[in-house]
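Structure at a glance
What follows is the residue order along each chain.
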Amino acid sequence: MTPQVLVGTVSWHSRGVYLLTSCPGGASRSVVVHHLPRRSSQCPFRKNRGTVRDAKFHPAKPFLFVATDRNIRVYNLTSQGLAKKLQVGGSGHVMGIDVHSSGDHLIVGLADGRACWFDLDLSSTPYRSLRHHSLPVTGVAFHPRYPLFATASDDGTCHVLHGMVYSDLMTNPLVVPLKALKGDREKGGGGVQSCCFHPQQPWVVTATDSGDVLMYCN
Amino acid sequence: MGTGRCLKVWDLTDPVSSITFQPQSSGPVLAVAAGRTAYVFRAFTYGSERDGDVMGSTLQAMHESDGLAQASPDQVCEWSLCSTTGGLKISHKVSCVPPSP
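Criteria and thresholds
Residues numbered from 1 in each chain as written. Chains lettered and ligands numbered in written order. Predicted model: local features only at pLDDT ≥ 70, side-chain atom pairs only at ≥ 80, totals over all residues. Helix = DSSP H or I, 4+ residues; strand = E, 2+ residues; numbered from the N terminus. Rg over C-alpha atoms; globule rule 2.2 N^0.38 Å. Contact = placed C-beta atoms within 7 Å. Buried ≥ 20, exposed ≤ 12 C-beta atoms within 10 Å, placed from the backbone. Pairing = 2+ DSSP bridges. Nonpolar A, V, L, I, M, F, W, Y, C, P; charged D, E, K, R; others polar. Axes fitted to C-alpha atoms, helices over the stretch in contact; angles between N-to-C directions. Core = buried A, V, L, I, M, F, W, Y, C linked by C-beta atoms within 7 Å.

Regarding its fold elements, chain A presents zero helices and 19 strands. Against the compact-globule benchmark of 17 Å for 218 residues, chain A has a radius of gyration of 17 Å, which places it among compact chains. Overall size of chain A, expressed as C-alpha extent along the three principal axes, is 45 × 45 × 35 Å. Sequence-distant contacts, at least 24 apart, represent 38% of the contacts inside chain A between residues at least 6 apart.

With that settled, the discussion passes to the overall build of chain B. The secondary structure content of chain B amounts to one helix and five strands. The secondary structure elements of chain B, listed N-terminal to C-terminal, are β-β-β-α-β-β. For chain B, with 101 residues in total, the buried portion stands at 26%. For chain B, restricting intrachain contacts to residue pairs at least 6 apart in sequence, the fraction spanning at least 24 positions comes to 37%.

All names here are of chain A. Among the six residues in strand β14 (residues 148–153), five count as buried, and that is most of the element. The antiparallel hairpin formed by strand β13 (residues 137–142) and β14 contains five residues in its connecting segment. Note that β14 and strand β15 (residues 157–164) share five bridges and pair antiparallel. Among the inter-strand pairings, threonine 151 is bridged to a residue of β15, identified as histidine 159. If you look at the hairpin formed by β14 and β15, you'll find three residues sitting between the two strands, and glycine 156 has a positive phi there, around 90°.

Moving on, we come to the interface of chain A and chain B. Taken together, the 32 residues of chain A in the interface contact 33 residues of chain B. Listed by contribution, the elements that provide at least two residues to the side of chain A that touches chain B are β1 (9–12), β2 (18–22), β3 (31–35) and β4 (40–42) of chain A. Among the elements that line the side of chain A that touches chain B, the one with the most residues is β1(A), at four residues. Across the side of chain A that touches chain B, the residue classes tally to 15 nonpolar, 14 polar and three charged.

Residue and element names in this part refer to chain A. Pairing in this open sheet of four strands is antiparallel, and the strands run β9-β10-β11-β12 from one edge to the other. Of all strands in the sheet, those bounded by a partner on one side alone are β9 (94–99) and β12 (128–130). Neighbour-to-neighbour, the strand axes of the sheet open up by a mean angle of 20°, direction not taken into account. Note that strand β11 (residues 115–119) and β12 share three bridges and pair antiparallel. What sits directly across from alanine 115, in β12, is leucine 130.

Here we come to the nonpolar core. Ranked by size, the top nonpolar core spans 67 residues in total, and within it Phe65(A), Ile72(A), Ile107(A) and Val108(A) carry the most contacts. Per element, the largest residue contribution to this core is five residues, and it comes from strand β2 (residues 29–34) of chain B. Those residues in contact with Val108(A), other than ones at most four positions away along the chain, are Ala67(A), Ile72(A), Val88(A), Val94(A), Ile97(A), Ala115(A), Cys116(A), Phe118(A) and Val140(A).

Residues and elements named next belong to chain A. Across the sheet, which stays open at both edges, the four strands sit in the order β13-β14-β15-β16 with antiparallel pairing between neighbours. Because the sheet does not close on itself, it has two edges, and the strands there are β13 and β16 (174–182). Averaged over all pairs of adjacent strands, the angle between their axes in this sheet comes to 20°, without regard to strand direction. The pairing of β13 with β14 spans five bridges and is antiparallel. When the bridges of β14 are listed, glycine 139 appears paired with alanine 152.

Notably, Gln80(A) is not glycine yet its phi reads approximately 55°, a positive angle. One can find Gln80(A) in the loop between β7 (71–76) and β8 (81–87). Gln80(A) gets classed as exposed once you count the C-beta atoms within 10 Å, which come to 9. Positioned with a positive phi, Thr13(B) is a non-glycine residue whose angle comes to about 70°. Mapped onto the fold, Thr13(B) is located in the segment before β1 (16–21).

The subject of this paragraph is the environment of Phe118(A). Residues and elements named next belong to chain A. Along the chain, the position of phenylalanine 118 falls in strand β11. Taking the C-beta count within 10 Å as the criterion, phenylalanine 118 has 27 such neighbours and is therefore assigned buried. Residues phenylalanine 118 and leucine 106, spaced 12 residues apart in sequence, show a C-alpha to C-alpha distance of 5.0 Å.

Next up, the structure:
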């Protein structure tokens, strides 16, 4: 049996030297770390822990987030061990993740239409579970500068939310829905497959099933 | 972004599943996942690149080694130069371990 290794996602380390690829059908080679200057690739894991949906580096610390169908594992790359295991719960499997620029918060898009916010200092279960979408959440993204995040879904909408994170550990993050961006689904277009923010401006860009890329400005 | 005009199209044959810009680079460097391959290339070149640029030094090293990275028996990926994009092509080798049920 030879499983097909298709690259699902690519993700950079914040310094731009390491590149991370996740291959859902790659078994023990589902996560591969590439070092550009050395031109080398290595698999950090030996065991197959399930179908890897997404993988991201921590923006500042030597941690690696690996999202499988049912949970998100946080690995410490220095001690080469599992640091934390986050449980999404519910019935939907993980579609995608994004890490906040502080590295202490995580949003997860799920196939059952939920988007879960994890406070990594608080608990291994979601701090908030948002049910704004009727169909699978295909993409999630934090804004790198503004307290904003977005969720994209197969239902053809992209929701922009205010997600304020406080440096005070006693104050919980503030999550407020701001805007539901309705694409061209009503005009016969498809669902939204992905979303991302402009690096400086509070603008969100979405990619739809119909092949359109839409940019929404404030 | 200002005009909404498409400036460049790369035909990578396989369907693109993920795309992202490299952070902290002197020019716009893209990483694209398509099929079994991850492509890393400059979207545009603005004259001379900044000294110490990761992409520039990696490409230079690839050219000096005739377009191939050092081969090792346990190599999980094959690195080569991509003629379509003018950047790097990282092909993932087929895994020999079947996924557990």
